[in-house]
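# Understanding the architecture of this molecule
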Amino acid sequence: MKWIKPQYIAFLIVLLLNFALFRGFFTISIQDGRLFGSLIDVFNRGAPVAILAVGMTAVIATKGVDLSVGAVMAVAGAVAASLIQSGQPLGIVILAALGIGLLCGLWNGFLVAVLDLQPIIATLILMVAGRGIAQLMTEGRIVTFNDPGLIYIGSGALLTIPMPVVIAGVLMVVATLIMRRTALGLFIESIGVNRSASTYAGLRSKTLLIGVYAFCGLCASIAGLIAAADIRGADANNAGLWLELDAILAVVIGGTSLLGGRFSIPLSVLGALIIQGMNTGILLSGFPSEFNLIVKAFVVIVILMVQSPIVGNILTFMRPTPAPTAVPAPGEKTS
Amino acid sequence: MQEQIMPTASPVLTADSITKSFLTTRVLDRVGLTLMPGEVHALLGENGAGKSTLIKILTGAYTHDSGTIRIDGVDVTPRDTAHAQELGIGTVYQEVNLLPNLTVAENLFIGRQPTRFGLVDRRRMERDARRILEPYGLEKLDVSADLGSYSVAVQQIVAIARAVDLSGKVLILDEPTASLDAREVDVLFTVVRRLRAKGLAIVFITHFMDQVFALADRVTVLRNGKLVGSKPIGDLTRMELVTMMLGHALEHESAMRIVKDRPRGERLATFQGYGLAGKIAPFDLNVHSGEVVGVAGLLGSGRTEMARLLFGIDSPDSGSATVDGRSVHLRQARDAIALGFGFCPEDRKTDGILGDLTVRENIMLALQARRGWAKPLSFKEQADLADKFVKALDIRTASVEQPIKLLSGGNQQKVILARWLATEPRFLILDEPTRGIDVGAHAEIIRMINRLCDEGLSLFVISSELEEIVAYSSRVLVLRDRQVVRELTQEDVSTASIMKAIAAEPGEVAA
């Protein structure tokens, strides 16, 4: 039963709790060629965080973290809104928004890989500065737009499936294939497990790190486009606000250790859906939405406790003790 | 050795039959240490000898499994650093463990600042700080300036002053001179001699032979977690001391030498005037295919630095390298790997294994890195590769899908070796390949080195085990004070000749 992951069970429990709170939770209807329903909402609302989580997974697997993704979302949204307002064609607008995200990621990667800054500090710089840049671009206003092409990204549907879900799904599948069908995933895990040993084995650790942060920035700009398209405007103050924390939480729920190493993109995406499921559940329950923060905090504590070595030791301690190992081999010593 | 107080008094500290194991590995085996008041006691040994474990037990960082520690005749067990200080044992580490962003006075009194009305009495603290530092010749030091604004030597002395003020019986100096220049070392030694004259027992850990002879009254040598001996320095020659540290049995040496006349292949690589300031002085090295170049020297003699330079981990600031007659630049490990080099580093845990990854992944990593990420080895290719080497090198693992961290040290070393063999290298650098490995695996690795060499591979092997080097090396480079001081060839290779070259007085050309 190795293929049953705890995340599957967690997601199922969250969905069933939702169903217990609201009988119509699983009811799905089609309106205007698009699926509707609470369950679809979980997927649709969860898509931006799921997209962030895809990039964040790669970063965390290298033993890093990217706090700037929320701010990069705001920057990408601001760029898209400003350009579409000034009458640029949709293709250019999307390329520019994605390009700015890539650039932000390259900057983070430069700080982490070349200057060797701690990721949490390095990305904190852009977390603060990025939102400032976005606010300058929008001059503190919410820049609205009504270009149907751009709006389609946020609220359109492809074969009845909402666009954000399509984009997140495609991104997840493509990223997973690239990671696992090439040696890229292994290299990223190697760097996260032991950067020094990876370099000794001949990996381009610096280039890989920069690439990973750039990818994370790209993902953030995709999420930023969706968020802006969804509200038909770029809100530099609130777009992507605190979403970096949700993305990190999603990755951690997905089982990627903050200490780097083994990762799974699909499980991180599932983590994002679990978080969104909890959000929706609290809304449906009628509790004030502030409860959401407390519930999330509680989930974080539980997950981190499960990952903590001390708890691990206690759990091992509670298992039946194995037979004591044999006497030390003569001459054996530590290095 | 002047102004020495004859240790007639009873010992300050006696550690007796100290034994300590980590899991199944015994790192200290009935080791003893006796410290007299007013002596500088050098504690010597190579990496893994157990020095630092012993110090950590004395300072309360570890608890010993058995044995006794007595201070002034009273049984004690230091619980932690603070408790050790209360008992009178103070420690100063190689890297100054004070806070550079606080003032000198704050550093001396941190955690025990004199207070007035519940507030820190700064004036009194600074007055007391000057009083503490006065005997160290630092009376003119501005104690209200940041500690970080002073040289490492001054910081080191402030650290000593704090340790002595807190403890006052035993002072442990763990490689205090590692980051000091010659003049600063003199200043430090003056301080240490003064403290000795005041009756302190000082444990002095260093890798520098000269400093041992310049400062120490007595020497205790550990090797492989066991006590080799404890002697007054006056009773020892350099040769005898090196023998205590490195060699144990000169008698069964003659039987060991396996490779007297191995045919030398063609020249593979040439390094001329290759060096990096502060790491290793420029050296010349020719490597021929099918030969083992052994490297001997004490810890800190520049062995590992030399290997890192050859593999491109560090870049040289002088000299040139030629491989296959073509000039090459080794700026990073990838450059060396592309030329068919491989490197099993000394510190297996930090630079070698990828603990959470499987044996299979650890074996295929270097080969995959050379192919690039876009050309993955198929799972079957990886598994075949791993199986092949698990069989060939007799790697004991439940399965190739086992995380490597679960393997024993010897098997981990074989996996790292397999990682490089998988790239079909021509030149393999092995830094302490048999460290931390049990006796069985030890012999296997040595057999493997011989076999690889017979197959035409060139090897560059660094080891503290002289018998080992003598056994497999075609020729031996001897390093001392970050210089290649001697190259021994053919019949000149013996543990005796190596030790003689290591122990030669500095400046003296080892003949």
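Computed from a predicted structure; not experimentally measured. All residue numbers refer to positions counted from 1 along the written sequence of the respective chain. A letter from A marks each chain and a number from 1 marks each ligand, given out in the order of writing. Where local features are concerned, this predicted model is filtered to residues with pLDDT of at least 70; where side-chain atom pairs are given and counted, the filter is 80 or more; whole-chain, interface and lining totals use all residues. Side-chain metrics in this entry use all non-hydrogen atoms of the structure; hydrogen atoms and water are not considered.

### Focus: the overall build of chain A
Definition in use: Comment: elements are numbered from the N terminus, with helices defined as DSSP H or I runs of at least four residues and strands as E runs of at least two. Classification of residues uses two cut-offs on accessible area relative to the type maximum, computed with a 1.4 Å probe and protein chains only: under 20% is buried, over 50% is exposed, and between them is partly exposed. Using a 1.4 Å probe, accessible areas were evaluated by the Shrake-Rupley method; residue-level cover was limited to the displayed protein chains.
In terms of helices and strands, chain A carries 14 helices and six strands. Buried residues in chain A amount to 49% of all 335 residues. For chain A, the exposed area adds up to about 15,800 Å²; of that, 72% sits on carbon and sulfur atoms.

### Notes on the packing of aromatic side chains
Convention followed: By convention, a stacked pair of Phe, Tyr or Trp rings (six-membered ring in the case of Trp) has centres within 6.5 Å and planes under 30 degrees apart, an edge-to-face pair has planes over 60 apart, and any other such pair is tilted. A ring is scored as having a charge over it whenever the NZ atom of a lysine or the CZ atom of an arginine sits within 6 Å of its centre and within 35 degrees of its normal.
The final tally for this structure, using the stated rule, is twelve aromatic pairs over all chains. Relative to F26(A), the ring of F19(A) lies with its centre 5.4 Å away and its plane at 40°, an arrangement referred to as tilted. Its relative accessible area of 35% is what places F26(A) among the partly exposed residues. Ring plane angle 20° and centroid distance 5.7 Å describe the contact between Y200(A) and F343(B), whose orientation is recorded as stacked. Taken together, the positions of Y200(A) in helix 9 (residues 195-200) and F343(B) in strand 18 (residues 341-344) put the pair across two chains. Classification of F343(B) as buried rests on a relative accessible area of 1%. Within the aromatic cluster, the residues linked to one another by ring pairs are Y200(A), F311(B), F343(B) and W420(B). Directly above the aromatic system of F36(A) lies the positively charged group of R34(A), at a separation of 4.5 Å from the ring centroid. A cation over a ring is seen here: R180(A) above F263(A), with NZ or CZ 4.4 Å from the ring centre.

### Considering the sheet that holds strand 15 (residues 292-297) of chain B
Residues and elements named next belong to chain B. The cut-off we apply is this: Note on pairing: two strands pair once DSSP finds at least 2 bridges between them. As a rule, the C-alpha atoms of each element are fitted with a line to give its axis, helices using only the stretch in contact, and angles between N-to-C directions run from 0 to 180 degrees. A contact between two residues is defined here by any heavy atoms of the two lying within 4.5 Å.
Reading across from one edge, 18-19-20-15-21-22 is the order of the six strands in this open sheet, with mixed pairing throughout. Sheet topology places strand 18 and strand 22 (483-489) at the edges, where each strand pairs with a single neighbour. Across this sheet, the average inter-strand angle for adjacent strands is 15°, counted without regard to direction. Relative to strand 22, strand 21 (residues 475-480) is paired through six bridges, and the arrangement is antiparallel. Residue pairing across strands places V478 opposite R486, the latter belonging to strand 22. The sheet contacts of helix 9 (residues 303-310) involve strand 15, strand 18, strand 19 (427-431), strand 20 (458-462), strand 21 and strand 22, and relative to strand 20 the element is tilted by about 150°. On the sheet, helix 17 (residues 495-503) packs against strand 15, strand 21 and strand 22 and is oriented at approximately 25° with respect to strand 21.

### A few points about the pattern of salt bridges
What counts, and what does not: Only one rule defines a salt bridge in this text: a Lys or Arg side-chain nitrogen within 4 Å of an Asp or Glu carboxyl oxygen.
Counted under the stated rule, the structure contains 25 salt bridges over all chains. For D116(A), the salt bridge is made with R195(A), and the minimal N-O distance between the two is 3.6 Å. Here D116(A), found in the loop between helix 4 (90-114) and helix 5 (119-138), pairs with R195(A), found in helix 9; they are 79 residues apart in sequence, far enough to count as distant. A relative accessible area of 54% places D116(A) in the exposed class. For K380(B), the salt bridge goes to D384(B), with nearest N and O atoms at 2.9 Å. With K380(B) and D384(B) both in helix 13 (residues 379-392) and four residues apart, the pair spans about one turn of that helix. Under the relative-accessibility criterion, D384(B) is labelled partly exposed at 39%. Here the salt bridges do not stand alone but share partners, grouping R180(A), E189(A), R262(A) and E361(B) into one network.

### Let's talk about the domain arrangement of chain A
For the record, the criterion: For each domain, the first and last residues come from an automatic or database assignment.
What the domain assignment lists for chain A is domain 1 (41-286) and domain 2 (293-319). Between the C-alpha centres of domain 1 of chain A and domain 2 of chain A there is a distance of 27 Å.

### Focus: unusual backbone geometry
Residue and element names in this part refer to chain B. Here the phi dihedral of D394 falls at roughly 55°; this positive angle occurs in a residue that is not glycine. Looking at the element boundaries, D394 is found in the loop between helix 13 and helix 14 (409-421). Overall, D394 belongs to the partly exposed group, its relative accessible area being 30%.

### Some thoughts on the packing of helix 7 (residues 163-181) of chain A against helix 10 (residues 205-231) of chain A
All names here are of chain A. Threshold: Angle categories: roughly parallel below 35 degrees, roughly antiparallel above 145, roughly perpendicular from 65 to 115, and oblique for all the rest. Take the far helix as your reference; a near helix turned counterclockwise from it by less than a right angle gives a left-handed crossing, and one turned clockwise gives a right-handed crossing.
Their axes nearest at 11 Å, the elements helix 7 and helix 10 cross at an angle of 165°. Judged on the interaxial angle alone, helix 10 and helix 7 are roughly antiparallel. Taken as a pair, helix 7 and helix 10 cross one another with a handedness that is right-handed. Mapping the contact onto sequence places P164, I167, L171 and A175 in helix 7 and F215, C219, I222 and I226 in helix 10.

### A word on the confidence of the model for chain B
Residues and elements named next belong to chain B. Note the following rule: The pLDDT value expresses, per residue, how confident the predictor is, ranging between 0 and 100.
In the predicted model, chain B carries a mean pLDDT of 83, and 91% of its residues have values of at least 70. Contacts of residues 1-7 to residues separated by more than four positions or lying in other chains number 14 contacts, the stretch itself having pLDDT below 50. For residues 249-256, every residue scores under 50 in pLDDT, and the model assigns this stretch nine contacts once sequence neighbours within four places are set aside.

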